[in-house]
Amino acid sequence: MKVVIVGAGEVGTGLAETLCLEKNAVVVIDLDDELLKNLSNKFDLMTINGNGASGKVLSDGDIKDANLMVAVTESNEVNVLSCHTAKTLNPSIRTICRVNDTEYFSEDEDFDLKHFGIDHLVVPQKECAQTILDVLSGPNLKEITKLSVDGAVICGFHLSPGSAMVGTQLLSFPRPDLLDKIRVCAIWRRGKLIIPRGKERFNNYDDVYVAGEKEAVLALAEWSCLDEKNINNIVIGGATELGTYLVAALNEQGKNVTLVESNESLAEKALKKLESSVNILHGDITNGDILKEAGVDVADLYLSAMSNDENNILSCLLSKRKGAKKVITIINKPDYREIISSMDNIDGCFSPRTAALNSIINLIQGENRRIGAILHRISAEVFEMTVVPKSRIVGKTISESACPRGAVFAMIFRGNVIIPATGNQVFQVGDLVVMMGEQQALKKSQALFAPKSIVGL
């Protein structure tokens with residue numbers, strides 16, 4: 001497949017890596033020459049310095065022969081115009097457009113995206129908000145990652161002291177009925193990723209990552225967690241697109257939500273946009289008096305959705321210290337992910353860019369997918385790889401297939417059927433195998449799926 005990516009930022013770079021890994025012909029267009037040089041040094045792709053909305057620039061990128069165009073710059077207008085121009089030059093091309101404003105295409109208006117040359121619209125704030133809402137719907141959940149087959153998820157949940165899982169081993173798990181339906185893929189313990197084997201014991205404060213059908217995964221999470229109070233009183237810091245969208249969604253669920261915003265014009269805009277039942281405070285969320293007025297001391301959840309990562313982290317730490325039972329931060333800088341995931345006093349972190357990348361990855365369902373998802377909280381990835389004829393693992397059971405250290409078989413998709421990756425399961429040609437682990441280990445695991453003639457066997 002030939003793909004043109006307009007935008008070499010974090011989402012564009014992540015997408016380029018995914019597509020290059022899958023052996024696609026990739027062209028990346030951006031005005032920033034430095035970003036393009038970094039990309040060309042890392043990956044086997046073509047780069048063009050120019051405006052992706054320009055017909056000439058797109059033609060230089062062979063848009064007429066491309067199968068897919070993804071526009072992911074920071075400019076809504078450039079992305080929309082890029083899709084329109086691409087569709088004009090190549091009517092059969094498939095287009096994916098990122099917009100950063102939840103109301104750019106109002107759902108109340110009779111807009112047909114096809115008229116703009118857009119086949120799929122991705123709004124990072126909405127994608128991220130939905131991920132957070134999914135997490136808040138379950139007990140002690142850290143994150144839920146949806147995969148390419150409907151209903152298949154990888155879910156991370158927290159083990160509090162007293163959990164039924166603490167002190168148990170996989171070899172002698174007290175609920176084999178639950179374990180038969182899922183696969184325990186990883187443990188995140190004090191900033192370290194552990195791929196559990198049979199004798200690994202679950203400890204207090206472990207974050208456990210489990211793969212399977214959503215219903216079975218949530219059943220294990222619910223059993224493993226102590227009775228958890230429902231989240232009803234919520235304080236959100238920041239009337240950003242994401243913050244305002246979350247406030248509206250949580251208020252619609254009947255939650256008691258307070259929004260705090262330091263910028264007066266943004267606070268007034270939120271006041272006009274949101275229901276009158278939402279409490280809106282104008283003030284600095286890092287100010288102790290404002291925190292108290294917002295009710296952080298009795299909040300079930302404080303979520304910081306400001307545009308500045310440092311302010312988000314600081315306000316979470318202050319809110320936790322003031323009494324908030326759970327705190328979640330939005331991050332935009334990928335380097336902060338590992339730092340936050342090792343901090344016990346911040347319960348979760350989510351990235352709109354990661355949410356957007358995962359959404360786009362799931363929209364691109366090629367024959368031989370590789371990266372299936374990027375996790376928000378921990379330094380691990382999810383690969384989905386197809387078993388082709390003459391693969392090393394064809395006809396072998398999972399227990400007979402040597403998985404690289406640092407990775408684990410998580411699930412098998414056989415058509416739309418989700419099969420737990422248990423030791424006696426036999427790999428068949430056409431299976432889409434889900435693996436989770438460290439990036440380098442997952443890259444090594446590709447040799448298991450390549451035809452024997454390619455890997456030299």
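Bear in mind the structure is a predicted one, so any value in this text is a computation, not a measurement. (Residues numbered from 1 in each chain as written. Predicted model: local features only at pLDDT ≥ 70, side-chain atom pairs only at ≥ 80, totals over all residues. Heavy atoms only, no water.)

Undergrad: Talk me through the nonpolar core; I want residue IDs and the actual numbers.
TA: Among soluble globular proteins, nonpolar side chains are generally buried collectively. Grouped together as the largest cluster of nonpolar side chains are 49 residues, with contacts concentrated most on Phe-157, Phe-202 and Ile-236. Sort the elements by how many residues they give to this core and helix 5 (residues 124–136) lands first, with 6 residues. In contact with Ile-236, other than residues within four places in its own chain, are Gly-243, Leu-246, Val-247, Leu-250, Val-257, Thr-258, Leu-259, Val-260, Tyr-302 and Leu-303. With 25 residues, the next largest nonpolar core counts Ala-8, Ala-16, Val-122 and Ile-361 among its residues. (Core = buried A, V, L, I, M, F, W, Y, C linked by side-chain atoms within 4.5 Å. Buried < 20%, exposed > 50% of the residue type's maximum accessible area, 1.4 Å probe, protein only. Helix = DSSP H or I, 4+ residues; strand = E, 2+ residues; numbered from the N terminus. Contact = heavy atoms within 4.5 Å.)

Undergrad: Describe the sheet that holds strand 2 (residues 25–30), and please don't skip the residues or the numbers.
TA: Judged by pairing direction, the sheet is parallel, and its 6 strands sit side by side in the order 3-2-1-4-5-6 without closing on themselves. With one partner strand each, in any of the chains shown, strand 3 (46–49) and strand 6 (120–122) form the two edges of the open sheet. Here the strands of the sheet are splayed against their neighbours by 15° on average, with no regard to which way each runs. Judged from the 4 bridges that link them, strand 1 (residues 2–6) and strand 4 (residues 68–71) form a sheet pairing that is parallel. (Pairing = 2+ DSSP bridges. Axes fitted to C-alpha atoms, helices over the stretch in contact; angles between N-to-C directions.)

Undergrad: Provide a residue-level description of the environment of Thr-102, including the pertinent values.
TA: Mapped onto the fold, Thr-102 is located in the loop between strand 5 (94–98) and strand 6. With 21 residues separating them along the chain, Thr-102 and Val-123 place their C-alpha atoms 6.5 Å apart. The residues touching Thr-102, leaving out its near neighbours within four places in the chain, are Val-123, Gln-125, Lys-126, Glu-241, Tyr-245 and Lys-273.

Undergrad: Tell me about the sheet that holds strand 11 (residues 207–213), and please be specific about residues and values.
TA: Spatially, 5 strands are ordered 7-8-11-9-10 in an open sheet, and the strand pairing comes out antiparallel. The sheet is open, and its two edges are formed by strand 7 (141–146) and strand 10 (192–194), each paired on a single side. On average, adjacent strands in this sheet sit at an angle of 20° to one another, irrespective of strand direction. Where strand 9 (residues 182–189) and strand 11 come together, 6 bridges link them in antiparallel fashion. Paired with Trp-188 across the two strands is Asp-207, which belongs to strand 11. Sheet strands touched by helix 7 (residues 214–224): strand 7, strand 8 (152–158), strand 9 and strand 11. Its angle to strand 11, the strand with the most contacts, is close to 150°.

Undergrad: Residues and numbers for helix 13 (residues 352–363), please.
TA: An ideal rise of 1.5 Å per residue puts 16 Å on 12 residues; helix 13 measures up with 17 Å between its terminal C-alpha atoms. With 10 of 12 residues buried, helix 13 is to be regarded as a mostly interior element. You can read the cap of helix 13 off the contacts: a side-chain oxygen lies 3.3 Å from the backbone nitrogen of Arg-353, and it is on Ser-351. (Expected span 1.5 Å × (residues − 1). Polar contact = N/O pair within 3.5 Å; in protein donor to acceptor, adjacent residues only side chain to side chain.)

Undergrad: Describe the packing of aromatic side chains, naming the residues involved and giving the relevant values.
TA: Within the structure shown, the criterion is met by 3 aromatic pairs. Consider the rings of Phe-173 and Phe-202, whose centres lie 6.4 Å apart with planes at 75°: the pair is edge-to-face. One end of the pair, Phe-173, is in the loop between strand 8 and helix 6 (176–179); the other, Phe-202, is in the loop between strand 10 and strand 11, and 29 residues separate them in sequence. A relative accessible area of 8% means that Phe-173 is categorised as buried. (Phe/Tyr/Trp six-rings, centres within 6.5 Å; stacked < 30°, edge-to-face > 60°.)

Undergrad: Tell me about the pairing of strand 11, and please be specific about residues and values.
TA: Along strand 11, 6 of the 7 residues are buried, which leaves the element largely enclosed by surrounding structure. Relative to strand 11, strand 8 runs antiparallel, the two being bridged by 7 bridges. Paired with Ala-152 across the strands is Glu-213, a residue of strand 11.

Undergrad: Explain the pattern of salt bridges to me, and be specific about the residues and the numbers.
TA: Applying the stated criterion to the full structure yields 16 salt bridges. For Asp-177, the salt bridge identified is with Arg-175, shortest N-O distance 2.8 Å. Here Asp-177 falls in the partly exposed class, since its relative accessible area comes to 37%. Taking the shortest distance from any N to any O, the salt bridge between Lys-320 and Asp-347 comes out at 2.7 Å. Of this pair, Lys-320 sits in helix 11 (residues 309–322) while Asp-347 is found in the loop between helix 12 (336–341) and strand 17 (348–350), placing the two residues 27 residues apart along the sequence. Take Lys-320: its relative accessible area is 23%, and that puts it in the partly exposed class. Since its relative accessible area comes to 15%, Asp-347 is described here as buried. Each of Glu-10, Glu-74, Arg-98 and Arg-353 takes part in one network of salt bridges that share partners. (Salt bridge = Lys/Arg side-chain N within 4 Å of Asp/Glu carboxyl O.)

Undergrad: If you had to explain the state of the cysteines to someone new, which residues and values would you point to?
TA: A covalent bond bridging the sulfur atoms of two cysteines is what the word disulfide describes. Applying the stated criterion across every chain yields a total of 0 disulfides. Free cysteine: Cys-97, not disulfide-bonded; nearest cysteine sulfur from Cys-83 at 4.2 Å. Given a relative accessible area of 0%, Cys-97 falls into the buried group. Free of any disulfide, Cys-155 has its nearest neighbouring cysteine sulfur in Cys-225, separated by 9.0 Å. Classification of Cys-155 as buried rests on a relative accessible area of 1%. (Disulfide = S-S within 2.5 Å.)

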